[in-house]
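Residue-level structure breakdown
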Amino acid sequence: APIRIRKEFRVRGWKTIVAFQTRNPMHRAHEYITKCALEMCDGLFIHPLVGELKADDVAQPVRMECYRALIENYYPKERVMWAGLPMGMRYAGPREAVHHAIVRRNFGCTHFIIGRDAAGVGGYYKPHAAWELFDKIGDLGITPLFFYDAFYCKKCGSMTTEKTCPHDERLTLSGTQVRQMLKNGELLPPEITRPEVSAILKEAYS
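Below, the structure is looked at part by part. Computed from a prediction, not measured in an experiment: that's the story for all the values here. Note that residues are indexed from 1 along each chain, following the sequence as it is written. Under the rules for a predicted model, residues below a pLDDT of 70 receive no local features and side-chain atom pairs below 80 are neither given nor counted, while totals for whole chains, interfaces and linings still include all residues. Processing note: side-chain calculations cover all non-hydrogen atoms of the structure and skip hydrogens and water entirely.

1. Some words on the packing of aromatic side chains
Whether two aromatic rings pair depends on their centres lying within 6.5 Å, for rings of Phe, Tyr and Trp, where Trp uses its six-membered ring; planes under 30 degrees apart make the pair stacked, over 60 edge-to-face, and the rest tilted. For the coordinates displayed, the defined rule picks out 8 aromatic pairs. When the ring of Phe45 is compared with that of Phe107, the centres are 6.2 Å apart and the planes differ by 35°; the resulting orientation is tilted. Residue Phe45 is located in strand β2 (residues 43-48), and its partner Phe107 is located in the loop between α4 (94-106) and β4 (111-114); the two are separated by 62 residues in the primary sequence. Note on exposure labels: buried denotes an accessible area under 20% of the residue type's maximum, exposed denotes more than 50%, and partly exposed covers the range between, all computed with a 1.4 Å probe on protein chains only. Looking at Phe45, the relative accessible area reads 0%, which means it is buried. For the ring pair Trp131 and Phe146, a centre distance of 5.2 Å and an interplane angle of 20° mean the geometry is stacked. To qualify as a helix, a DSSP run of H or I must reach at least 4 residues; to qualify as a strand, a run of E must reach at least 2; elements of each kind are numbered from the N terminus.

2. Side note on the pairing of β2
Across the 6 residues that make up β2, a large majority, 6, are buried. Residue alternation in β2 divides its side chains into two sets, Gly43, Phe45 and His47 and Leu44, Ile46 and Pro48, and both sets are buried. The pairing of strand β1 (residues 17-22) with β2 spans 6 bridges and is parallel. Note that in β2 the partner of Ala19 across the bridge is Phe45. Between β1 and its parallel partner β2, the chain crosses via helix α2 (residues 28-38), and the hand of that crossover is right-handed. By definition, two strands form a pair when at least two bridges between them are found by DSSP. Seen with its strands pointing away from the viewer, a crossover is right-handed if its path from the first strand over the helix to the second goes clockwise.

3. Considering the side chain of Gln21
If you trace the backbone, Gln21 turns up in strand β1. Look at Gln21 and you get buried, because its relative accessible area is 16%. A polar atom in the side chain of Gln21 sits 2.8 Å from the side chain of Arg104. Apart from the residues lying within four places of it in its own chain, the contact partners of Gln21 are His47, Leu49, Met89, His100, Arg104 and Phe112. Polar contacts here mean pairs of N or O atoms no more than 3.5 Å apart (in protein, one a potential hydrogen donor and the other a potential acceptor; neighbouring residues in sequence count only if both atoms are side-chain atoms). Here a residue-residue contact requires only that any non-hydrogen atoms of the pair lie within 4.5 Å.

The values are spatial; any link to function lies outside them.
Dropping the structure here:
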């Protein structure tokens, strides 16, 4: 409940908290942008949706296991919290992204990560339509943090975005390729997904 979460933020002494909305297991790109945001905030609140999603989305118990493995192995535990939000996705694009931000404001968060095509589906909305709506609305009582898509650049040898990387040597996999690899019993490349998360997904798909 929001009251309990806000109390925990106070107990931890966090003044600035950035929320991350997700309905999928987190891959390296998600990890990168949340850690960038955490560099400027006291705490990170990973807040996955656990309500109704698309039929081909990863099952909730599997996703929860993935979040736990990622946080335990790759984040400073004292600076990260996570909890499920019993709300479904409506894939309503920019307006839904604004709604997601307001919900996190009510949980006590001060910042909210907005990625490309937030709450969109199948390229229906313009890639940065949500960013434009947030700018148009103005102050919502929570600061949006706009992030470009992150990817692993083979030339840089690290995660990056088009905002900071000049190369065209991206290591990318489509959702179809990812599902096929997992069904074949293969682990995903560590540049795409952490091995601990990949192992959980492989087990679930097999």
